[in-house]
Amino acid sequence: DPHNLYTLRGCGKGVTSAQFDFDERNMLASSNDGTVRLWSLQDHRMRLTLNHSYDAVLVAKFFHDARRVVSGGHDRTIKLWDISSGAGSELNNRCVVCL
């Protein structure tokens, strides 16, 4: 495909959301495989895999500081992640409406 600049691989199942960070150096993607992945757009390498749950992750978004990520899963949880450590904490276990 002449219009495809590059392909980022690594998700085990379908991608449910994708987002650039604010300076467009990284891309974040959530997946039906229960993970959130972070790629560097400078070298096209996967930098981090965050294991949200055993169920689909419906959405993942960068905070404005691009050092934290919030993700929402089909398991009705919302998690906040620190990108530098990969540590996550659950914010809600009732439902995910919209992030």
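So, a few notes on the structure that sits alongside this text. (Residues numbered from 1 in each chain as written. Predicted model: local features only at pLDDT ≥ 70, side-chain atom pairs only at ≥ 80, totals over all residues. Heavy atoms only, no water.)

1. A short note on the overall build of the chain
Logical step 1: The helix and strand inventory of the chain stands at zero helices and eight strands.
Logical step 2: Order of helices (α) and strands (β) in the chain, N terminus to C terminus: β-β-β-β-β-β-β-β.
Logical step 3: Within the chain, the fraction of its 99 residues that count as buried is 35%.
Logical step 4: For the chain, long-range pairs separated by at least 24 residues make up 28% of all intrachain contacts whose partners lie at least 6 apart in sequence. (Helix = DSSP H or I, 4+ residues; strand = E, 2+ residues; numbered from the N terminus. Buried < 20%, exposed > 50% of the residue type's maximum accessible area, 1.4 Å probe, protein only. Contact = heavy atoms within 4.5 Å.)

2. Considerations on the environment of D82
Logical step 1: One can find D82 in strand β7 (residues 78-82).
Logical step 2: Since its relative accessible area comes to 29%, D82 is described here as partly exposed.
Logical step 3: Taking C-alpha positions, D82 is 6.7 Å from V69, a pair spaced 13 residues apart along the chain.
Logical step 4: Among the polar contacts listed, one links the side chain of D82 to the side chain of S84, at a separation of 2.5 Å.
Logical step 5: Within the structure, the side chain of D82 is placed 3.0 Å from the backbone nitrogen of S85, a separation counted as a polar contact. (Polar contact = N/O pair within 3.5 Å; in protein donor to acceptor, adjacent residues only side chain to side chain.)

3. What to know about the pattern of salt bridges
Logical step 1: Tallied over the full model, the rule gives four salt bridges.
Logical step 2: In this structure, the salt-bridge partner of R47 is D43, at a minimum N-O distance of 2.2 Å.
Logical step 3: Since its relative accessible area comes to 32%, D43 is described here as partly exposed.
Logical step 4: Across the pair R68 and D65 runs a salt bridge, and its minimum N-O distance is 3.1 Å.
Logical step 5: The class for D65 is partly exposed, based on a relative accessible area of 29%. (Salt bridge = Lys/Arg side-chain N within 4 Å of Asp/Glu carboxyl O.)

4. A closer look at the nonpolar core
Logical step 1: If you look at the biggest cluster of nonpolar residues, it comprises eleven residues: L28, V36, L38, L48, L50, V57, A60, F62, V69, W81 and I83.
Logical step 2: By residue number, the principal contributor to this core is strand β5 (residues 57-62), which donates three residues.
Logical step 3: Ignoring sequence-local partners within four residues, the contact set of V57 consists of T16, S30, S31, G34, T35, V36, H52, S71, G72 and G73. (Core = buried A, V, L, I, M, F, W, Y, C linked by side-chain atoms within 4.5 Å.)

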